[in-house]
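# Overview (structure and organization)
The chain contents come next:
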Amino acid sequence: MISCIVNNKTVETGVNPGISVLEFVREELNLTGTKEGCKEGECGACTVLVGELHENGTVKYKACASCLLPLGEIDGRHIVTVEGLDSSLLRPVQKAVFNNNASQCGFCTPGIVLSLTGFLLTSESFGFNDALDALDGNICRCTGYASIRKAAEELSIIFKDKKGSVEKENRVEQLIDWEVLPEYFRSIGGRLENMIYSPSNISMFNENKVLIAGGTDLLVQKPEGLLAEDLVFASKLDSIELKQIKEANEYLHIGGAVTVEQLRKSEIIHKYFPSLENDLLLVSSTVMRNCATVAGNIVNASPIGDITIILLALNTRLILRKDHSRREVMLDKFYKGYKLMDIGGGEIIEKIVIPLPDETSLFNFEKVSNRKYLDIASCNSAVSIKTDNKTVQEITVSVGGVAPVPLLQNEVGKFLKGKNISTENLIEAGKILTSKISPIDDIRGTAEYKKLLTRQLLYSHFVKLFPDKIKYEEVAG
Amino acid sequence: MKNSDMLMHIKGKSVFIDDIRDIANIHHGVIFTSPVPKGIIKKLDVKKAEQADGVAAVFTYKDVPGENQIGHIIQDQPLLAEDSVNFVGDPIALVVAETRRQADNALKLIEIEIEELEPVSDPREAYGKGELLVPPRLMCFGETDEVWDKCETIVEGTAESGAQEHFYLETQGALSLPIEDGKVKVFASSQAPGGFQHTIAEVLGVPMHLVEIDIKRLGGAFGGKESCATWAALSAMAAKILDVPVKVVLNRKEDIQNSPKRHPYITDYKLGLDSEGKILAYEVMLYQNSGAYADISLPVLERSFLHAVSSYKIPNAKIRTAACRTNIVPNGAFRGFGVPQSVFAIESAIFKAAEVLGLHPSELQKKNLIHEADPFPYGMAAENCNAEKCWNSLDSKYNIENRIEYVKEYNEKNVLTKKGIAVQPVCFGVSFTQTALNQAGALVHIYTDGSLSVSTGAVEMGQGVNLKIAQIAAEELSVDLKRIKVETTNTTRVANASPTAASTGADLNGMAAKMACSELLKRLKKVAAEIFSVKREKIEIRDETVYAGGRETDITWEKLVNTAYWEKTDLSCHAFYATPLLKFDRDKEWGRPFAYHAYGTSLIEVTLDCIKGTYKIDSVDLVHDVGNSINEELDEGQIEGAVVQALGWSTIENMVFDEKGNMLTSTNSYKVPDIKFLPEKFNVHFLENAPNPYAVSNSKAVGEPPLIHGCGAYFAILNALTAVRKDKEMPSLPLTPEKAFMYIYEKE
Ligand SMILES: Cc1cc2nc3c(=O)[nH]c(=O)nc-3n(C[C@H](O)[C@H](O)[C@H](O)COP(=O)(O)OP(=O)(O)OC[C@H]3O[C@@H](n4cnc5c(N)ncnc54)[C@H](O)[C@@H]3O)c2cc1C
Ligand code: FES
Ligand code: FES
């Protein structure tokens, strides 16, 4: 049995928890404002808001693509579809869309309205860039976006202004006062608290069950297959650690159910890896990142997984847990072959552990895809370097898209270690790199392209990190 | 003025096909399609599927009650395959079940054996094998042979452009209801109610009056819902046979795989210039990759044919086209309808000539713009020609030369990035090239309370045609816009409607509505004239008030309508409009195929990352000719949407087929522009003081013409690439980051 609140209505259902929330709201509840545009997370027409109760009794919302959100995931949560904005009066978001003609055929519009509402719910500053980021998963084929961008800008200006006055601690309360959200949102926290909701225990997971985290991979790969499986939802596991990012003993600990957006917004991450906040914008889209997990990216085992490539360069290790026993694996030893991993049935990634960088450490991530945002990479690469700004003391380079598994380039590291940061050495490292990789032709590019591009990504790391040491004219020449 | 439809969109209340829920017992149809590009069906076994859970029926071609045919220009496309299949996605059987999931499950139980045959995917190869839809066409203008001797500069080359997927957000679909007396009512996501009605009636083997098509709105179309009636016909057939409502709505994967695309073209061109840089001669051969069936390929190719010289005055031209039958998905209409491919060919030739002469292409473009009274190769002279006006207007706002100079200087100073800049002129002929299609009907009722109902053949797909028609009607009658309701597009109210296409939706239907309103106004004035005992000419209606002899009276609109009713006046009127003057002789390739041309000029600037081969479109600044806009907000939206679609076509929208014709691209690899792709600067200006005498309210069509601006993105990127190196052939379009990268780094 799944209990949740959909808009202002408490719903209990015995429907299979493996179906998507999109199917549930449209087919079971006849809420047709939420549209199916692709069912693969690519368009955002199905965007809904998901509210989760926090310890202090407040409800935190995020925008999600309901087509890849398994129903079981919303047990004990609040789902808001466009109907739930209760438009007896026009909300500021809706007004902004209307005022700027940001809707033509209207099919994408409910998704746009919810993503913009998501922006108002989550953006610290109501900055225009945050508004654009919030829309990075919403495709509109009619407007060409100019009008949508204007609507986003208008909202940003209005709310920055309002924020200037007084702002309540609780964003939801504040947005109700500002009429962004309807009154009934005040009651949601209390109602969720009273909902019978039973978390699962890690020991309930075993080899006969399927662990589902964000579902952004599983619901694309085998949506129908899930219906016959016994599902365990990572977000419902009762261990708080799973959902946290912590710093302890020179290490960063990322829980096995931490989402990509949580990582992107984490203050600890900002402190140690400031560039990641922007880099992670290159990973899927807001509505995906809000659900997709770091561990899911690792187990997805795509040779081109962005987060995996980032983590590889950071010398990450995984803590795997089965029932009460735990073991450790270095991430680069985790992959055994195409989609083959050192993980047993019933084992879950409990933690992802990264050594903290020191002042001599630099990090850079590069990704090239056909479309810059919301696209899978043709090639990606990350590098972490310890340096005195003259020589390379330690270096780890990872590259994706050039082998059956995400790869560390140890030979390149070996070559560069202890060498001067210079154009010649970089060129030599590029040669070693190209000799070590064997990409294949596929829809993301020809083998030849990927081979050359990987070398260029290595150059790009150095040009970015050491602009005054590397003469690109000479590299290119 | 804003489109009030938006008020429903923002609340999620707008109903699309898949949202119709208030009908009981809707069944779901899913189509079993060919897994191979070409083959002979040896065995088809649907028995297991028929017996699966919830399945009501599995239909094959044997079950088609009427003609198993949906080709409407050439009758070459079966609704369901008989003994052969000709593309991956060719429909073979329809499974109908109580739920979509049951239908999907049953689909997997269908067994088929196909003997594969050697397919063709390359149009040139098809041409070589004589696989043509019709014999090639040829248009000669001026001298076409000796003129080459007089040319100072001659360039030759090939320009190749790829397929484009519409990616309308609402996929193809229809819901059909059986109603008494053997009639079927079809709610379809279609731009062509008349055409669909005709095809479906033939498929069902019934007269057209037993098929009613009703269309409320489309979730985007862009030409993609103009021609192929497969899905609507299958749903109608199943509903009729099973006597239950049947919905056939494609999912995105099916839609991408099976629905028509913008045609890929290969074009061979040759361009000759005199010593001044004036174009003397142009020769082009356009090989269209039509796909497996004719669909609407021939009209598309005809429009390419007629736009071969784009915005330029070319005194001597030889234009040839061939519609090549291959084994990829049958391609069809897509906003621009063959024009972008032609524009791409001539602009490639100009770019190449400029390279040879060491000039920026814009110098040649400007020198050769078409002017008033210059003839197009099909004989029609440019009239009210705004090509140069648009150029000059843009120049006065953005100083084209300075911008080009700035880019040059930037490139001299920078190694890691290069900029590129291109000017893109637009000249787009408006009218269906099939002259007879330029007709429209409208039916207007005035009810006794003074409210109005307007029906036309135009389909609302987000372009706001309903609002434009309402505005035209309101203005004609001088009543408040709120009094007017534009109805669904329905074949029982307006018969034999042409598709809402060729950018003519508002031109044709708006004019028909205006004529109907004008006739009603006449009748009402007659009533008023009797009240005041004056001549009808003395009566005027202004802002819902009757004026007699110039003096305001106490007769309001409502009162007048009511009086007219009691005077037994007919308050309904149907009117018919056909665009005058059009005439085109296909034997001589000569005449006036277009009512007028729409013009524009744009300036596109990009920045290329030389390390990674990626690029960013920095700005698009444009001036576009919309005549006297009926609704500036709608027109601006149309321009922006069209431009961005073409930016996508030119750059990242990469639809890939293997040599056999298998589509390699899928939902997660076909990338259309997203909000961050949008250039940071995007300035749209209307050309001022440019009334158009040839369309309703002096306006101009705006659906397709502005698409051409976006083609300039290709040339802007190429301009940046040539700042890195110059020894390479021009890449095919779309100029993806991969191609840009290989342009820089591939050894040669
Ligand atoms: C539209 C779209 C865009 C995408 N873009 C990108 C992109 O830009 N870059 C990129 O790298 N990826 C991308 N992906 C892939 C995918 O979203 C990511 O790999 C994501 O991180 C998967 O996480 P998830 O939590 O949704 O995984 P799920 O689908 O929930 O699970 C994936 C697998 O991981 C297993 N799993 C999950 N958590 C654990 C755990 N704690 N321990 C053990 N096993 C676990 C599951 O059992 C399952 O086998 C994209 C996917 C989509 C649909
Ligand atoms: S339907 Fe497209 S993202 Fe969900
Ligand atoms: S308005 Fe049609 S897709 Fe956005």
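Please refer to the structure higher up on the page.
Below you will find a few notes about this structure. Fair warning: this is a prediction, and the values are worked out from it, not measured in the lab.

Now for the overall build of chain A. On a plain count of helices and strands, chain A comes out with 19 helices and 18 strands. A globule of 477 residues ought to have a C-alpha radius of gyration of about 23 Å, and chain A, at 23 Å, matches this closely. Residues counted as buried form 62% of the 477 residues belonging to chain A. When contacts within chain A are restricted to residue pairs at least 6 apart in sequence, long-range pairs at least 24 apart make up 64% of them. For chain A, the computed accessible surface area is about 17900 Å², with 49% contributed by carbon and sulfur atoms. If you average the places of the 54 positive and of the 62 negative side-chain charges in chain A, the two averages end up 2 Å apart.

Take the state of the cysteines next. Scanning the entire structure with this criterion turns up zero disulfides over all chains. Not engaged in a disulfide, the cysteine B:C385 finds its nearest cysteine sulfur in B:C427; these two sulfurs lie 6.7 Å apart.

All names here are of chain A. Around ligand 1 lies a shell of 34 residues, among which L211, G214, T216, T293 and D306 are the nearest. Note that an oxygen atom of ligand 1 is positioned 2.7 Å from one of the backbone N or O atoms of A213. At 2.7 Å from a nitrogen atom of ligand 1 is found a main-chain nitrogen or oxygen belonging to I349. Within the complex, the protein chains bury 91% of what would otherwise be the 990 Å² of accessible surface of ligand 1. Residue assignment for the shell around ligand 1 shows that the elements contributing at least two residues are β6 (210-212), α8 (218-221), α13 (294-300) and β14 (348-355). By residue number, the principal contributor to the shell around ligand 1 is α13, which donates five residues. When its residues are assigned to classes, the shell around ligand 1 shows 17 nonpolar, 11 polar and six charged.

Moving on, we get to the interface of chain B and chain A. Each partner contributes residues to the interface: chain B has 71 residues there, and chain A has 76 residues. Summing the contributions of chain B and of chain A, the shared interface buries around 6300 Å²; its carbon and sulfur component is 59%. Inspection of the chain B/chain A interface yields 12 salt bridges. Here B:R101 and A:E224 are joined by a salt bridge, their closest N and O atoms 2.8 Å apart. Our enumeration of links across chain B and chain A arrives at 34 residue pairs in polar contact (both at pLDDT 80 or more). Among the secondary structure elements, those contributing two or more residues to the side of chain B that touches chain A are α1 (5-9), α7 (252-258), α16 (632-650) and α18 (737-745) of chain B. Per-element tally for the side of chain B that touches chain A: the top contributor is α16(B), with eight residues.

Before going further, it helps to examine empty space enclosed by the protein. Residues and elements named next belong to chain B. Across all of its chains, the model carries 17 cavities of 30 Å³ or more by this definition. The computed volume of the largest cavity comes to approximately 470 Å³. Around the largest cavity, the lining is made up of 35 residues, and of these M461, Q463, S503, Q638 and G703 lie nearest the centre. A total of three residues in the lining of the largest cavity trace back to one element, the largest contributor, which is helix α14 (residues 505-532).

Glancing now at unusual backbone geometry. For the peptide bond that leads from B:L733 to B:P734, omega is 5°, which places it in the cis range. Within the element layout of this structure, B:P734 appears in the loop between α17 (712-721) and α18. Residues other than glycine seldom take positive phi values, yet A:E250 does so here, at roughly 70°. Residue placement: A:E250 occurs in the loop between β8 (245-248) and β9 (251-255). Accessibility expressed as a relative area gives 61% for A:E250, which makes it exposed. Positive phi, close to 55°, is recorded for B:S478, a residue that is not glycine. Structurally, the position occupied by B:S478 is in the loop between α13 (465-477) and β19 (484-486). A relative accessible area of 18% means that B:S478 is categorised as buried.

Residue and element names in this part refer to chain B. Over its 14 residues, helix α12 (residues 400-413) extends 20 Å from the first C-alpha to the last, a length consistent with the 20 Å expected when each residue adds 1.5 Å. Buried within α12 are the following residues: I400, R403, I404, V407, Y410 and N411. One side of α12 carries all its buried residues, which in axial view fall inside an arc of 120°. Turned more than 90 degrees away from the buried face of α12, the exposed residues are E401, E412 and K413. Buried residues belonging to α12 abut α10 (361-367), α11 (387-398), β16 (417-430), β27 (596-609), β28 (615-624) and α17.

With that settled, the discussion passes to the sheet that holds strand β18 (residues 452-456) of chain B. Residues and elements named next belong to chain B. Sheet architecture is open: four strands sit in the order β19-β18-β17-β24, paired in mixed fashion. The open sheet is flanked by β19 and β24 (572-578), the only strands paired with a single partner. Each strand of the sheet is rotated relative to its neighbour by a mean of 20°, with strand direction disregarded. Where α13 meets the sheet, its contacts fall on β18 and β19, and the angle it forms with β19 comes to roughly 145°.

What follows concerns the sheet that holds β16(B). Residue and element names in this part refer to chain B. Spatially, the four strands line up as an open sheet ordered β16-β27-β28-β29, and their pairing is mixed. Pairing within the sheet leaves two strands with one partner each, and these edge strands are β16 and β29 (681-686). For this sheet the average axis-to-axis angle between neighbouring strands, irrespective of direction, equals 15°. For β16 and β27, the ladder comprises 14 bridges, and the chain directions are antiparallel. When the bridges of β27 are listed, C427 appears paired with Y599. Those strands touched by α12 are β16, β27 and β28, and its axis lies near 150° from that of β16. Of the strands in this sheet, β27, β28 and β29 touch α16, which is tilted by about 130° from β29.

What counts, and at which threshold
Here the residue numbering is sequential within each chain, running from 1 through the sequence in written order. Chains carry letters from A onward and ligands carry numbers from 1 onward, assigned in written order. This being a predicted model, a pLDDT of at least 70 is required before a residue's local features are given, and a value of 80 or more before pairs of side-chain atoms are given or counted; all residues contribute to the totals for chains, interfaces and linings. Side-chain numbers here rest on the full set of heavy atoms in the structure, without hydrogens or water. Secondary structure elements follow DSSP: runs of H or I no shorter than four residues count as helices, runs of E no shorter than two count as strands, and numbering proceeds from the N terminus. The reference for a compact globule is 2.2 Å times residues^0.38; the radius of gyration itself is calculated from the C-alpha atoms. Exposed residues in this analysis have more than 50% of their type's maximum accessible area, buried residues have under 20%, and partly exposed residues fall in between, with area computed by a 1.4 Å probe over protein chains only. Pairs of residues are marked as contacts when any of their non-hydrogen atoms sit within 4.5 Å. Every accessible area reported is derived by Shrake-Rupley at a probe size of 1.4 Å, with residue values counting cover from the shown protein chains alone. Positive charges are assigned to Lys and Arg, negative charges to Asp and Glu, while His and the chain termini are left out of the count. By convention, the charge on Lys lies at NZ, on Arg at CZ, on Asp at CG and on Glu at CD. For the purposes of this analysis, a disulfide is any pair of cysteine sulfur atoms at a distance within 2.5 Å. For this description, a residue counts as near a given molecule or strand if any of its non-hydrogen atoms is within 4 Å of it. Each polar contact in these results corresponds to two N or O atoms within 3.5 Å; when the atoms are within protein, one needs to be able to donate a hydrogen and the other to accept it, and residues that are neighboring in sequence are counted only if both atoms are side-chain atoms. The classification used treats Ala, Val, Leu, Ile, Met, Phe, Trp, Tyr, Cys and Pro as nonpolar, Asp, Glu, Lys and Arg as charged, and all other residues, Gly among them, as polar. Summed over both partners, the accessible area (1.4 Å probe) lost when two parts come together is defined as the buried area. Basic side-chain nitrogens of Lys or Arg form a salt bridge, by our definition, when they fall within 4 Å of a carboxyl oxygen of Asp or Glu. Cavity and pocket criteria rest on a 1 Å grid covering protein atoms alone: a 1.4 Å probe that fits but cannot get out defines a cavity, protein on both sides within 12 Å along at least 5 of 7 lines defines an open pocket, and an atom within 4 Å of a point defines a lining residue. Grid points are joined across faces, edges and corners, and a volume is the space filled by probe spheres set on the points. The span one expects for a helix is its residue count, reduced by one, times 1.5 Å. For this quantity, the arc is that covered by the directions from the helix axis to the C-beta atoms. Between any two strands, pairing holds if DSSP finds at least two bridges. Note on definitions: angles span 0 to 180 degrees between N-to-C directions of axes, and those axes are lines fitted to C-alpha atoms, for helices only across the stretch in contact.

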